[in-house]
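Secondary and tertiary structure notes
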Amino acid sequence: MLESYGGLYDLVYGAKDYAAETEKLRGIVHGRSPGAKTLLDVACGTGQHLYHLRRDYDAEGLDLSEAQLQVARKRNPHCALHLGDMLTFDLARRFDVVTCLFSSVGYLRSVEALSQAVANMARHVKPGGLLVVEPWLTPESWLPGTLWSDYVDQPNLKVARISVSELKGRLALIDFHILVARDAEVDYFRERHELTLFTEDEYMASFSNAGLDVTFDPEGLIGRGLYVGLTPG
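Residues numbered from 1 in each chain as written. Predicted model: local features only at pLDDT ≥ 70, side-chain atom pairs only at ≥ 80, totals over all residues. Heavy atoms only, no water.

**Here we look at the pattern of salt bridges**
- Across all of its chains, the model carries 14 salt bridges by this definition.
- A salt bridge links Arg-26 to Glu-23; the nearest nitrogen and oxygen atoms lie 2.7 Å apart. With Arg-26 and Glu-23 both in helix α2 (residues 18–32), this residue pair falls three residues apart, about one helical turn.
- Exposure remark for Glu-23: the relative accessible area of 48% places this residue in the partly exposed category.
- Put simply, Glu-166, Asp-175, Arg-190 and Arg-192 are held in one network by salt bridges that share partners. (Salt bridge = Lys/Arg side-chain N within 4 Å of Asp/Glu carboxyl O. Helix = DSSP H or I, 4+ residues; strand = E, 2+ residues; numbered from the N terminus. Buried < 20%, exposed > 50% of the residue type's maximum accessible area, 1.4 Å probe, protein only.)

**A short note on the side chain of His-49**
- Relative to the helices and strands, His-49 resides in helix α3 (residues 48–53).
- Within the structure, the side chain of His-49 is placed 2.8 Å from the side chain of Glu-21, a separation counted as a polar contact.
- Setting aside its immediate chain neighbours within four residues, His-49 contacts Lys-16, Tyr-18, Glu-21, Thr-22, Asp-41 and Leu-101. (Polar contact = N/O pair within 3.5 Å; in protein donor to acceptor, adjacent residues only side chain to side chain. Contact = heavy atoms within 4.5 Å.)

**Regarding the nonpolar core**
- In terms of nonpolar packing, the biggest core is built from 40 residues, with Val-42, Val-105, Leu-108, Met-121 and Leu-131 touching the most fellow members.
- Of all the secondary structure elements, the ones that give two or more residues to this core are β1 (38–42), β4 (95–100), α5 (111–122), β5 (125–133), β7 (157–168), β8 (171–182) and α6 (200–209).
- If one sorts the elements of this core by residue count, α5 sits on top with six residues.
- Apart from the residues within four sequence positions on either side, Leu-108 is in contact with Met-86, Leu-87, Ala-113, Leu-114, Ala-117, Thr-196 and Phe-198.
- Formed by 20 residues, the second largest nonpolar core is a distinct cluster that contains Leu-50, Tyr-57, Ala-59 and Leu-81. (Core = buried A, V, L, I, M, F, W, Y, C linked by side-chain atoms within 4.5 Å.)

**With respect to the packing of aromatic side chains**
- Under the defined criterion, the tally for this structure stands at eight aromatic pairs.
- Aromatic side chains Tyr-13 and Phe-102 sit 5.4 Å apart centroid to centroid with 85 degrees between the ring planes, which places their arrangement in the edge-to-face category. One end of the pair, Tyr-13, is in the loop between α1 (9–12) and α2; the other, Phe-102, is in the loop between β4 and α5, and 89 residues separate them in sequence.
- On the accessibility criterion, Tyr-13 (21% relative accessible area) is partly exposed.
- For Phe-102, a relative accessible area of 22% corresponds to the partly exposed category.
- Aromatic rings pair up to connect Phe-198, Tyr-203, Phe-207, Phe-216 and Tyr-227 into one cluster.
- One cation-aromatic arrangement involves Lys-16 over Tyr-18; the distance from NZ or CZ to the ring centre is 5.5 Å.
- A cation sits over an aromatic face here: Lys-16 above Phe-102, 3.8 Å from the ring centre. (Phe/Tyr/Trp six-rings, centres within 6.5 Å; stacked < 30°, edge-to-face > 60°. Lys NZ or Arg CZ within 6 Å of the ring centre and 35° of its normal.)

**Some thoughts on the sheet that holds β8**
- The strand order β6-β7-β8-β9 describes an open sheet built from four strands, whose pairing is antiparallel. Across the chains shown, the open sheet's two edge strands, defined by having one partner strand only, are β6 (147–154) and β9 (185–196). The average undirected angle you get between the axes of adjacent strands in this sheet is 15 degrees.
- By the bridge criterion, eight bridges tie β6 to β7 in an arrangement that is antiparallel. Counted as the bridge partner of Asp-153 is Lys-158 from β7. (Pairing = 2+ DSSP bridges. Axes fitted to C-alpha atoms, helices over the stretch in contact; angles between N-to-C directions.)

Functional significance is not addressed by these values, which are geometric in nature.
Below, the structure is given as structure tokens:
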């Protein structure tokens, strides 16, 4: 991940409008669970969504990466942040809302793992509460061979990230080629990300199997859709 070479994650994703996404999320939560007060953001990363969510909720975060959590703690010093895997974490408490955003569930490697993660997150939702999951792309929407680019242009820092996409079975493969120039030196890094292309039916089934009443918003926060599950009670 980008945090492994100089804390560049937030810079590369500088154009991502976390404030606008959070505003949409607030509207969804208010419409389905207007009395919600507590929230857990699973796969919270560097805590950008938490920064905005904490204004309206008693918000906590959880992530698998300690490096990401270190950044999140600086951004959200008064939020409880937990190190854990969405498949197995156990905080021994429940929340009015549990979220998992920015397509983090795409890194799960099987339908069984998706069902396990959704069930585990659902166990942390209070009766009558919400589980909100932003999916990764579906098989029919993935276009192998697509090129992407991101750039950071600051006086003493230049970053160019070029990505090439492939398809291998159910996996979307993305190779990131990154050039980082600072202190008169240029470093090159390469990352490969592998994300599973789950179908809409598989997402819906994972919620239903966890006992949730699920609806799907095809637009969602950034055009990737959004699954909203209501717990019984």
